[in-house]
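# Residue-level structure breakdown
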Amino acid sequence: MEKEIALVEGTDMHLEDDVNPEEPFTLEMETEENEIGSPKSEIQCFSSDMGEGSNVVFSREAPLISKDSRISGVCSCSATKLKSHVVAAESEIGDKENFEQEKKLSRQERIELGRMFQSAVSCHDWEPAESLILLADPQTLNDALCITLDSIWFLSTQQELDGITGLIKKIIASGAYDFTRAALRTSFLASCVSACQSQTMHLEDTVNVMAQRLKERLQECNGDEVLKAEASAKVQKFTEWALKCIGFHSRCQANRDRVIQSSIAEIQLQLSAFKTFLDLAGNQLTGKDFTEAFDAACFPLTLFSTSFDPGWASGISAAAIQGLLGMLVEGGADNVNQCFLEASRFGSTELVRILLQIAHRNSLDVDVDLALGFASHYCKIGTMECLVEEGNAIAFLGPLMRAAERGCMQVVQWFVKRGCRDMELCLALTAATSSSQVGVAGYLLPHVPQHVLAALSIEILKAAGERSGGSLDGVAFLLRSDFLGDPTATYAVADSIARSDDESVAPELRAFLREHWSEAAYLDGLKQGQEHYFNFVRILNWGGSPISLRDLPGPLRVAVAYLPLYRECVATGGRLFSQKQRGQLVEAVKKLGGGSLEDLSQGKELLAVLEHYLPPFFVHTRSIP
């Protein structure tokens, strides 16, 4: 289930950190020579279960930056001012006929044209914006297409829709051709806009939230720490670009604290604008482009996931992203299941809910059982609830066993409370035992019916020993717990395996049981107890110690003789002691004159007799389970 993380390097992005809230948010219209990977491609995940993630080309120009603008004030520009700037730009660029022939702007000209175009679009001054299109070269037209398409997610009126769609048509008719970059970039932005409309999200906190989520996500990935740090920085720059863009448009709407909640009517206008763009792009957008745009739209939601209101996916805030993802699927995106599995892995419950709905509406198959495995592996309880209740995931066994092996008590408890079959619980108990997760084993043991344990007792111990990895603490725990509920049966099972010649029994398990839990171990314990007693008597009679043991009170003499055995048994705990310890206790009680041993054959009764002869200050008050 572990994914191998490949961190993809990209071209540096020139993003200034300081943004003056009173200045327009502009675009530096510089096209980089090299392609820049998307935020998702910076943390590209590969899984044997899921196949390769898409390698997305997200942006070729530097993101939105704030510079000293010649047009001051937030959306305070006027058509007159813009027209004067257009005239100035035309005079700077030169004669129009010569411009049509050359159609190549310098870097500084593109930057200046971009600033004016951004201001015109933001202020909905369509005439100046169209005039600027006439001055743009093909490279600048592609950037203008991105700027215009980004603004559709802030539409609120039919008039604005008509203006923006008309502008998009004119830009494409004038020669813009990079539909891939425009689609990927606006998909990423639309996702961020929807996320920021959550009632719990504030723009001032969002950058820090995203950075923290990204850091946590990278910590779960394998890879070189330097590359992970570089990837984190690049993804954060993409995110900062999107959030600064959102902040600028929010300020234009006189709302500095939160993104204004769009109404259903406004969302329909926004989706209509995006549909117009897709229609104009036509077959210029391939299935791969739609797939990568789908990926770019899902990525921010995985980082925002823990900050969403409960039920965000079914609210108005998510309507735009649901509509966007639906259109991308209709266009040919084929990675719904891949994004679904990744969202499950990172606990993006609301995105999981959205993708379930999209899959259902489009009759697509998503692997809810594999997704449950991902979510449980990373202890994403809320996502697990969603996958079972809304996705109808039913494959509990694999995730339950893996959780038991890892000792993830929270996940194990969740599965048990949801309801597991007897055999699933038995196999999970075996898994916990084999990995010596005694806490989980102790929790599962009472939930497995006794008749199942009795029928499979030998197989449970054999399997646990085979997969133990060198530690048999789990096996010892089961035996000490009297897992069959009958001491005679528990001792008999251990002895049977110890004496078995079955080659399927792990040698380490057989040796362990022979030494501690077999009938031979019990006899050895008796013998050791006798030898210990004789040694003590020899010291008592012939010892040369200045302290005469004979002069000590009887209880203290008992303590000298048997306190180490007592402490060993107390430390071991459990309902049963090993056969070797039991043999030593039987011999000790016999020598102390404990009376008939017929009713004192089990550990706790034997230990109680030994405690009776010890001084009270040596007795552990809770030594007997």
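Here is what the cut-offs are and how they apply
- The residue count restarts for each chain, going from 1 along the sequence in the order it is written.
- In view of the model being predicted, local features appear only for residues whose pLDDT reaches at least 70, and side-chain atom pairs are presented and counted only at 80 or more, with totals across whole chains, interfaces and linings using the full set of residues.
- Values reported for side chains reflect all heavy atoms of the structure, with hydrogen atoms and water molecules removed beforehand.
- Put simply, DSSP marks the helices as runs of H or I at least four residues long and the strands as runs of E at least two long, and each gets a number from the N terminus on.
- Think of it in three bands: residues with accessible area under 20% of the maximum for their type are buried, residues over 50% are exposed, and the middle band is partly exposed, with areas taken using a 1.4 Å probe on protein chains only.
- Shrake-Rupley sampling with a 1.4 Å probe provides the accessible areas, and residues are treated as covered by the protein chains on show and by no other component.
- To qualify as a nonpolar core, a set must consist of buried Ala, Val, Leu, Ile, Met, Phe, Trp, Tyr and Cys residues joined through side-chain atoms within 4.5 Å.
- Any two residues whose heavy atoms approach within 4.5 Å are treated as being in contact.
- Confidence scores per residue from the predictor, reported as pLDDT, run from 0 to 100.
- Simply put, an axis is a line fit to the C-alpha atoms, just over the touching stretch for a helix, and the angle between two N-to-C directions goes from 0 to 180 degrees.
- Angle categories: roughly parallel below 35 degrees, roughly antiparallel above 145, roughly perpendicular from 65 to 115, and oblique for all the rest.
- Crossings are classed by handedness, with left-handed meaning an anticlockwise turn of the near helix from the far one by less than a right angle and right-handed meaning a clockwise turn.
- The rule is short: rings of Phe, Tyr and Trp, with Trp giving its six-membered ring, pair when the centres are within 6.5 Å, and they are stacked under 30 degrees, edge-to-face over 60, tilted in between.
- Salt bridge, as used here, is a side-chain nitrogen of Lys or Arg placed within 4 Å of a carboxyl oxygen of Asp or Glu.
- Surface patches are defined over residues having more than 30% relative accessible area and no salt bridge, joining like charges when they lie within 9 Å and nonpolar side chains (Val, Leu, Ile, Met, Phe, Trp, Tyr) when within 5 Å.
- One less than the number of residues in a helix, times 1.5 Å, gives the span that helix is expected to have.
- What we call the bend at a residue is the angle made by axes fitted to the seven residues finishing there and the seven residues starting there.
- What counts as a disulfide here is a pair of cysteine sulfur atoms lying within 2.5 Å.

### Quick word on the overall build of the protein chain
Tallying secondary structure elements over the protein chain gives 29 helices and seven strands in all. Burial analysis of the protein chain (625 residues in total) assigns 55% to the buried set. With the model as given, the accessible surface of the protein chain reaches about 26600 Å², and the carbon-plus-sulfur share is 50%.

### Some points on the nonpolar core
Membership of the largest hydrophobic core comes to 152 residues, with the highest contact counts inside it found for Phe117, Trp153, Phe277, Phe294, Leu325, Phe340 and Leu444. Excluding residues that lie within four positions of it along the chain, Leu325 makes contacts with Phe294, Ala297, Cys298, Ile354, Leu355 and Ile358. Counting 23 residues, the second largest nonpolar core, distinct from the first, contains Ala559, Phe577, Leu606 and Leu614.

### So, the confidence of the model for the protein chain
The pLDDT averaged across the protein chain works out to 79; a share of 75% of its residues lies at or above 70. Scored below 50 in pLDDT, residues 1–37 makes 153 contacts in the model with residues more than four places away or belonging to other chains.

### A word on the packing of helix H22 (residues 450–466) against helix H23 (residues 473–480)
Two quantities define a packed helix pair, namely the angle between the axes and the distance from one axis to the other. Two elements in contact, H22 and H23, have axes separated by 9 Å at closest approach and are oriented at 155 degrees. Taken together, H22 and H23 sit at an angle that is classed as roughly antiparallel. From H22, Ile460, Leu461, Ala464 and Gly465 reach across to H23, where they touch Val475, Leu478 and Leu479.

### A short note on the packing of helix H16 (residues 368–377) against helix H17 (residues 381–389)
The N-to-C vectors of H16 and H17 enclose an angle of 165 degrees; their axes lie 9 Å apart at closest approach. By the angle between their directions, the pair H16 and H17 is classed as roughly antiparallel. Crossing handedness for the pair H16 and H17: left-handed. Contacts between H16 and H17 involve Val368, Ala371, Leu372, Ala375 and Ser376 from the former and Thr383, Met384, Leu387 and Val388 from the latter.

### Here's the deal with the packing of aromatic side chains
For the structure on display, the rule yields nine aromatic pairs. For the ring pair Phe188 and Trp241, a centre distance of 6.5 Å and an interplane angle of 25 degrees mean the geometry is stacked. On the criterion of sequence distance, the pair formed by Phe188 in helix H8 (residues 179–196) and Trp241 in helix H10 (residues 225–252) is long-range, its members being 53 residues apart. Exposure class is identical for Phe188 and Trp241. Each is buried.

### Some thoughts on the pattern of salt bridges
All chains considered together, the criterion is met by 17 salt bridges. Look at the salt bridges and you will find they share partners, linking Asp143, Asp178 and Arg181 into a network.

### Let's talk about a nonpolar patch on the surface
A surface patch of nonpolar side chains, about 220 Å² in accessible area, is lined by Leu397, Met423 and Leu427. Judged by relative accessible area, Met423 falls into the partly exposed class, the value being 43%.

### What about the side chain of Ser376?
Note that Ser376 resides in helix H16. Here Ser376 falls in the buried class, since its relative accessible area comes to 2%.

### A look at unusual backbone geometry
Outside of glycine, negative phi angles account for most residues, and trans bonds account for most peptide bonds. Phi at Asn392 takes a positive value of approximately 60 degrees, unusual for a residue other than glycine. Turning to its location among the elements, Asn392 is positioned in the loop between H17 and helix H18 (397–406). The backbone of Asp482 sits at a positive phi, close to 55 degrees, despite the residue not being glycine. Topologically, Asp482 is positioned in the loop between H23 and helix H24 (487–499). On the basis of relative accessible area, Asp482 is assigned to the buried category, the value being 11%.

### Some thoughts on H22
One turn of the α-helix equals 3.6 residues, which is why residues spaced by three or four share an orientation. The first and last C-alpha atoms of H22 sit 23 Å apart over 17 residues, in line with the 24 Å expected at 1.5 Å per residue. Taking the largest bend as the criterion, H22 deviates by roughly 70 degrees, centred on Leu456. Inspection of H22 places Val452, Leu453, Ser457, Ile460, Leu461, Lys462, Ala464 and Gly465 among the buried residues, and these make up the whole buried set.

### A short note on the environment of Ala176
Checked against the element boundaries, Ala176 lands in the loop between helix H7 (158–173) and H8. Spatially, the C-alpha atom of Ala176 lies 8.4 Å from that of Ala144, the residues being 32 residues apart in sequence. Every residue in contact with Ala176, bar those within four places of it in the chain, is listed here: Leu141, Asn142, Leu145 and Ile171.

### Remarks on helix H26 (residues 519–542)
Helix length check: H26, at 24 residues, gives a terminal C-alpha distance of 35 Å against a target of 34 Å (1.5 Å per residue), a fit within 8%. On its buried face, H26 is in contact with helix H25 (507–516), helix H27 (554–572) and helix H28 (579–591).

### Points about the environment of Leu607
Structurally, Leu607 is set in helix H29 (residues 603–613). What makes Leu607 buried here is its relative accessible area of 0%. Considered as a pair, Leu607 and Leu585 are 22 residues apart in the sequence and their alpha carbons are 7.1 Å apart.

### Considering the environment of Gly311
Note on placement: Gly311 falls in the loop between helix H12 (287–304) and helix H13 (319–331). Assessed through its relative accessible area of 32%, Gly311 is described here as partly exposed. C-alpha of Gly311 to C-alpha of Glu350: the two residues are 39 residues apart in sequence and 7.1 Å apart in space.

### Considering the state of the cysteines
Enumeration according to the criterion identifies zero disulfides in this entry. Considering cysteine sulfurs only, Cys339 is the nearest to Cys298, which forms no disulfide, with 4.1 Å between them. By relative accessible area, which is 3% here, Cys298 ends up buried.

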